[in-house]
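# Structure assessment
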Amino acid sequence: EKGGYEHFMLKEIFEQPRSVKDCFRGRVNADEGHLVLGGLREYLDDIAKSQRIVIVACGTSWHAGLVAEYVFEELARIPVEVEYASEFRYRNPIIKEGDVVIAISQSGETMDTLAAIELAKSKGAIILGVCNAVGSSIPRTTHAGAYTHAGPEIGVASTKAFTAQVSVLTLMAIAVARRKGILHEDTFRRFLFELERIPEKIEKVLKNAEKIKEISALFSEARNFIYLGRGLNFPVALEGALKLKEISYIHAEGYPAAEMKHGPIALIDEDMPVVFIATRDQSYEKIVSNIQEVKARKGKVIAVVTEGDKLIPTMADHVIEIPITHEVLTPLLSVIPLQLLSYHIAVMRGCNVDQPRNLAKSVTVE
Ligand code: M6R
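What counts as what
- Residues numbered from 1 in each chain as written.
- Predicted model: local features only at pLDDT ≥ 70, side-chain atom pairs only at ≥ 80, totals over all residues.
- Heavy atoms only, no water.
- Near = heavy atom within 4 Å.
- Polar contact = N/O pair within 3.5 Å; in protein donor to acceptor, adjacent residues only side chain to side chain.
- Areas by Shrake-Rupley, 256 points an atom, 1.4 Å probe, with all protein chains shown as cover.
- 1 Å grid on protein atoms, 1.4 Å probe; cavity = no way out; pocket = protein on both sides within 12 Å on 5 of 7 lines; lining within 4 Å.
- Sits in = over half its atoms within 2 Å of the grid points.
- Helix = DSSP H or I, 4+ residues; strand = E, 2+ residues; numbered from the N terminus.
- Phe/Tyr/Trp six-rings, centres within 6.5 Å; stacked < 30°, edge-to-face > 60°.
- Buried < 20%, exposed > 50% of the residue type's maximum accessible area, 1.4 Å probe, protein only.
- Lys NZ or Arg CZ within 6 Å of the ring centre and 35° of its normal.
- Axes fitted to C-alpha atoms, helices over the stretch in contact; angles between N-to-C directions.
- Parallel < 35°, antiparallel > 145°, perpendicular 65-115°, else oblique.
- Contact = heavy atoms within 4.5 Å.
- Core = buried A, V, L, I, M, F, W, Y, C linked by side-chain atoms within 4.5 Å.
- Left-handed = near helix turned anticlockwise from the far one by under 90°.
- Nonpolar A, V, L, I, M, F, W, Y, C, P; charged D, E, K, R; others polar.
- Right-handed = clockwise from strand over helix to strand, strands pointing away.
- Pairing = 2+ DSSP bridges.

## A word on the site of the ligand
Surrounding the ligand, one finds 14 residues, the nearest of these being Ser61, Ser105, Ser107, Thr110 and Glu246. A distance of 2.6 Å separates an oxygen atom of the ligand from a polar side-chain atom of Ser61. Note that an oxygen atom of the ligand is positioned 2.6 Å from one of the side-chain N or O atoms of Ser105. For the ligand, the protein covers 90% of the area, taking 410 Å² as the surface of the free molecule. When atoms are counted within 2 Å of each cavity's grid points, the one that captures over half of the ligand is the largest pocket. Elements that contribute at least two residues to the shell around the ligand include exactly helix 4 (59-76) and helix 11 (233-248). Ranked by residues supplied to the shell around the ligand, first place goes to helix 4 with three residues.

Laid out in structure tokens, this is it:
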């Protein structure tokens, strides 16, 4: 059932070209200029009219929410707040009638997320679900939603569910922007075209698996790791750090790269591996100077860069290339090397990657 792979996690990482394609099936058609999210059709006007979107989730799903915050604000121009479900539910959150709450959950059973939904519902919000497990509790309590269609995820560390969540949320943001009439037809067409290319580009990232394994071998004894990214790659940095800590038990922190000088830079020395997600985007120049700051303090830099980057390879100790795509879609590619890095490091340390200590696949207690 592991399809020839040593672990479910590895199988699920390698399934991503297919799971993302499944997520787009029947929804995206570039030739015909179609984008359809059947489950949301009735609510598209309400979302387009809403003044505010609140996203509630936990763990990796919360990271997908942070990516969605950038995408929704950029494309649909609706303010988004991303909340840990556990924090949201125990405050007296300000939710008004007509606010849109999006709950993201792979399992659809996470207790805190369910409770956050009930609370928001009682205050008159429109509740939308982005879930993977079909027929689970969360999709049954929401008003509407879109399944991620990633297929069952067995490994405790979430991988293909994350890319599917980001995919669905991106489709939602594009659909809402279009409904609001603020997405130019050409931009819309280009998105559809780029979305359809994502599965083959993930395939291409996966071709670097051997190289990533070699890099992993050099860092399997590390005691700490820092992950840095800016913009859309900031949540990817958080996700990379979470993946590493949960399955390899190495202490890892994710930060927005510019925050480094406000504290974490004090940690940098020759024993500190720093993973930069440094793709060619608006913040490229800025992240290049962050890499210089780390190198000046003798940190070891592993950089995820855009194919063909000439500059960063002259500065970083190791580089992993990913194909170019629309900037907004970058997290779908940049997260893949980080999943593989944590997987290989955990295996090299002899950890039980599919069932890490102290963790359960779905957290149905608070
Ligand atoms: O099933 P959910 O998406 O609601 O689960 C949320 C978190 O428990 C989950 O993402 C957890 O953080 C994973 N182990 C991360 O890999």
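## Let's talk about the packing of aromatic side chains
Per the stated rule, a full pass over the model turns up four aromatic pairs. Taken together, a centroid distance of 6.1 Å and an interplanar angle of 65° make the contact between Phe219 and Phe225 edge-to-face. Look at Phe219 and you get buried, because its relative accessible area is 8%. Phe225 sits in the buried class, given a relative accessible area of 1%. Through pairs of rings, three or more aromatic residues link up here, namely Phe219, Phe225 and Tyr227. Above the plane of the ring of Tyr284 lies Arg280, whose end atom (NZ or CZ) is 3.9 Å from the centre.

## Things to note about the packing of helix 4 against helix 11
Interaxial distance between helix 4 and helix 11 falls to 8 Å at its minimum, and their mutual angle equals 170°. On the basis of their axis angle, the class for helix 4 and helix 11 is roughly antiparallel. Facing helix 4, whose interface residues are Gly59, Thr60, Trp62, His63, Leu66, Val67 and Tyr70, helix 11 presents Phe234, Pro235, Leu238, Glu239, Leu242 and Lys243.

## Examining the nonpolar core
Residues Ile53, Phe72, Ile102, Leu128, Met172, Phe225 and Tyr227 are the most contacted members of the largest nonpolar core, which totals 96 residues. A per-element tally of this core places helix 8 (residues 160-179) first, with 11 residues. Setting aside anything within four residues of it in sequence, one finds Ile102 in contact with Ile53, Val54, Ile55, Val56, Phe72, Leu128, Val130, Leu169 and Met172. By size, the runner-up hydrophobic cluster in this structure holds 22 residues, among which are Ala257, Val274, Val294 and Val305.

## Here's the deal with unusual backbone geometry
The phi torsion at Arg77 lies on the positive side, around 55°, for a residue other than glycine. Structurally, Arg77 can be placed in the loop between helix 4 and strand 4 (80-84). Given the relative accessible area of 60%, Arg77 is considered exposed.

## Remarks on the packing of helix 4 against helix 8
Interaxial distance between helix 4 and helix 8 falls to 9 Å at its minimum, and their mutual angle equals 20°. The angle between helix 4 and helix 8 places the two elements in the roughly parallel class. Of the two elements, helix 4 crosses helix 8, and the hand of that crossing is right-handed. On the side of helix 4, the interface is formed by Thr60, Ser61, His63, Ala64, Val67, Ala68, Val71, Phe72, Leu75 and Ala76, while helix 8 contributes Phe162, Gln165, Val166, Leu169, Thr170, Met172, Ala173, Ile174, Val176 and Ala177. Across the contact of helix 4 with helix 8, the residue classes break down as 15 nonpolar, five polar and no charged.

## Structural notes on the pairing of strand 6 (residues 126-131)
In terms of residue burial, strand 6 counts as a mostly covered element, since six of its six residues are buried. Every second residue of strand 6 is oriented toward a common face, with Ile126, Leu128 and Val130 on one face and Ile127, Gly129 and Cys131 on the other, all of them buried. On the question of chirality, the crossover connecting strand 5 (residues 100-105) to the parallel strand 6 by way of helix 6 (residues 111-122) is right-handed. Pairing between strand 6 and strand 7 (residues 144-147): four bridges, direction parallel. By the bridge assignment, Leu128 is partnered in strand 7 with Ala144.

Shape is all these values report; function is a separate question.
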